[in-house]
Amino acid sequence: MHFEPRKKNILRIVVVYIVILFFFPEKKIVIPLVHLFFFLILFFLYISKSGAFFFDNNKGDRFKKIIYIFIALNILSYITGVQNIPNLMDNYAGISGYRPVGLYWKVALNGIFSFAIYLFAYNFGRFIGRSREAFLYLLGVLVLLCTFNAIANIYEWLISTGGNISRYNFIPTLVPSQGISAGYSVIGFILVLSVGIHLKWMNRILRIGLLLILGVSVIIIVTRQAQVSLIAILILYYFFKVKKFSVKVILKFLIIIPLILFGFFKLYSNLGLSGLFYEAIDSQGYDYQVRLYAIHEAYRLFIENIFFGVGFGMYVLYSKASFYLGGEYHTLASTHNGLASVAAEMGVFGVVITILLMVSLIQMIYRTMKNFASSNHLLSDFVTAFLSINVIYMISFFFSNFYLLPPPSEYSYYAMAFIMWTGIGFCSLYYKENVK
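Residues numbered from 1 in each chain as written. Predicted model: local features only at pLDDT ≥ 70, side-chain atom pairs only at ≥ 80, totals over all residues. Heavy atoms only, no water.

**Some details on a nonpolar patch on the surface**
Inclusion rule: Every patch collects residues that have over 30% relative accessible area and no salt bridge, joining them within 9 Å if they carry like charges and within 5 Å if they are nonpolar side chains (Val, Leu, Ile, Met, Phe, Trp, Tyr). All accessible-area figures derive from a Shrake-Rupley calculation using a 1.4 Å probe, and residue coverage is judged against the displayed protein chains alone. Any Lys or Arg side-chain nitrogen found within 4 Å of a carboxyl oxygen on Asp or Glu counts as a salt bridge. A run of H or I in DSSP becomes a helix once it reaches four residues, and a run of E becomes a strand once it reaches two; helices and strands are each numbered from the N terminus. Each residue is placed in one exposure class: buried if its accessible area under a 1.4 Å probe, protein chains only, is under 20% of its type's maximum, exposed if it is over 50%, and partly exposed if it falls in between.
On the surface, L76, I306, F307, F308, V348, F349 and V352 cluster together into a nonpolar patch covering about 590 Å² of accessible area. Element by element, the count of residues in the nonpolar patch is highest for helix α15 (residues 338-371), at 3 residues. For F349, the location among the structural elements is in helix α15. Taking relative accessible area as the criterion, F349 reaches 39% and is therefore assigned partly exposed.

Here it is in structure tokens:
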């Protein structure tokens, strides 16, 4: 595809939107900026008559069908839940002390808009997939955004803690959520490692420097999930990179992997942080109790709304779970567990569709990786990394927010989901057009 000026303009305006998702997800200009700018992009596509080549008409696309099914399923749940609005408002006011006007419809619109944004990201992935120039440009932008965030993290960490490593002992400057900020550094690290060599402006010394910056950013924030995920993704990435297995190769993995895990454990022990992992499974610990309480509440909602659920994002209104901390009662806006959220908010049908989505996704990326293992180094390197990321992140479906369908009211999760759906669209284009 020749990347004509009009198509470059689309790429640039979407990149601006990605910057907003990264660093300004909670900002509002009457309405949330993530929604306002999304509407502006759609308006731009309409007035520039660019929709025809952006939204390709691929009727047999399974991933688009899955998103459409999610949208239809949740519209049905939102409509059937209208009768519960008075009780929901009483419940929400009783827990939070607030009774916002039209809250039910705001939550419902959040759910629909989030699906629309992910569908847009999916189409964007297919759009850039037709141009190597556009794809490399986007990869470069993502690397720079992740690195910029990592540098800001390191600077804030140094000036606020003096270089002391401890869990959540500083608030990241650009992305206040420690987990999400660390997640950006994980993605940036993997991108530099896998496709950095294909970026003309990135020489070997710069790649090493960026890897150090991004790696340090993950270490200093001390989030269990991000740090374990980075190690697991790296192991899986090099496993998939092996072209031909032999006894020698298998022995290398059997030796190297335990050494890596042992080194990771020793590092945490020396820093006095190994107890963090025990806290995650301590049945008397705060983290464990809060999450367990939220999951129990999700189970109650699932049993009461077993087929269609209460609607995407509606857990916060239906939940009666609250916990006491610091002299106040608090409530969680989500279960922090992908399976529990999907079951409570989308019922049995939602769980089945989500599992279908995950199985289809891994199958598609794996086959694409195999098909281009030797014919296209850029595509092979990216898809191998993307497969590794998705396999590890899918495991988080069972104990943290689902990276493809995060809580729709928590906008800080949107950037990561947007990136992942863009990657799915990109891989889907090559899978459909080249894998027989």
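**Quick look at empty space enclosed by the protein**
Filter applied, for reference: Think of a 1 Å grid over the protein atoms and nothing else: a 1.4 Å probe that fits but is trapped marks a cavity, an open set flanked by protein within 12 Å on at least five of seven lines marks a pocket, and residues with an atom within 4 Å of a point count as lining. Grid points are joined across faces, edges and corners, and a volume is the space filled by probe spheres set on the points.
According to the stated counting rule, one finds 3 cavities of 30 Å³ or more in the structure shown. The space that makes up the largest cavity amounts to roughly 190 Å³. Along the walls of the largest cavity sit 18 residues, with L139, L142, F382, I419 and G423 positioned nearest its centre. Elements that contribute at least two residues to the lining of the largest cavity include exactly α7 (132-161), α8 (178-195), α16 (377-395) and α17 (414-434).

**A look at the layout of surface pockets**
To keep it simple, the criterion reads: Residue polarity follows a fixed list, in which Ala, Val, Leu, Ile, Met, Phe, Trp, Tyr, Cys and Pro are nonpolar, Asp, Glu, Lys and Arg are charged, and the others, Gly among them, are polar.
For the second largest pocket, the calculated volume is near 540 Å³. K28, L103, K106, N110 and Y411 are, among the 22 residues lining the second largest pocket, the residues nearest its centre. Every element with two or more residues in the lining of the second largest pocket is listed here: β2 (31-32), α5 (85-96), α6 (103-128) and α14 (315-318). No other element matches α6, which puts 6 residues into the lining of the second largest pocket. The class makeup of the residues in the lining of the second largest pocket is 14 nonpolar, 5 polar and 3 charged.

**Considering the nonpolar core**
Here is the rule we go by: By nonpolar core we mean a set of buried residues, namely Ala, Val, Leu, Ile, Met, Phe, Trp, Tyr and Cys, connected to one another through side-chain atoms within 4.5 Å. By the convention used here, residues are in contact when the closest approach between their heavy atoms is within 4.5 Å.
Within the largest apolar cluster, 138 residues are counted, with the highest numbers of intra-cluster contacts made by F22, F124, L317, F382, F418 and W421. Top contributing element to this core by residue count: α6, with 14 residues. Those residues in contact with F124 that sit more than four places away from it in its chain are L11, V14, I18, F54, L138, F418 and T422. Membership of the second largest hydrophobic core comes to 5 residues, among which are V222, I235, F264 and Y268.

**Topic: the pattern of salt bridges**
Under the definition given, this model contains 6 salt bridges. Residues K8 and E133 are paired through a salt bridge, measuring 3.6 Å at the closest nitrogen-oxygen approach. A residue pair is termed long-range when its members are at least 10 positions apart, and K8 in helix α1 (residues 5-23) and E133 in helix α7 qualify at 125 residues. Looking at E133, the relative accessible area reads 45%, which means it is partly exposed. Across the pair D61 and R126 runs a salt bridge whose closest N-O atoms are separated by 3.6 Å.

**Examining the packing of α1 against α6**
In helix packing, the relevant descriptors are the interaxial angle and the interaxial distance, both defined with respect to the helix axes. Definition in use: In this description, a line fitted to the C-alpha atoms serves as the axis of each element, helices being fitted only across the stretch in contact, and the angle between N-to-C directions of two axes falls anywhere from 0 to 180 degrees. Any angle that is under 35 degrees is reported as roughly parallel, and any over 145 degrees as roughly antiparallel; angles of 65 to 115 degrees are reported as roughly perpendicular and all others as oblique. Crossings are classed by handedness, with left-handed meaning an anticlockwise turn of the near helix from the far one by less than a right angle and right-handed meaning a clockwise turn.
Packing of α1 against α6 leaves a shortest axis separation of 12 Å and a crossing angle of 135°. Viewed along their axes, α1 and α6 adopt a mutual orientation that is oblique. The two elements α1 and α6 cross, and the hand of that crossing is left-handed. Listed contacts from α6 to K7, I10, L11, V14, Y17 and I18 of α1 are I117, F120, F124, F127 and I128.

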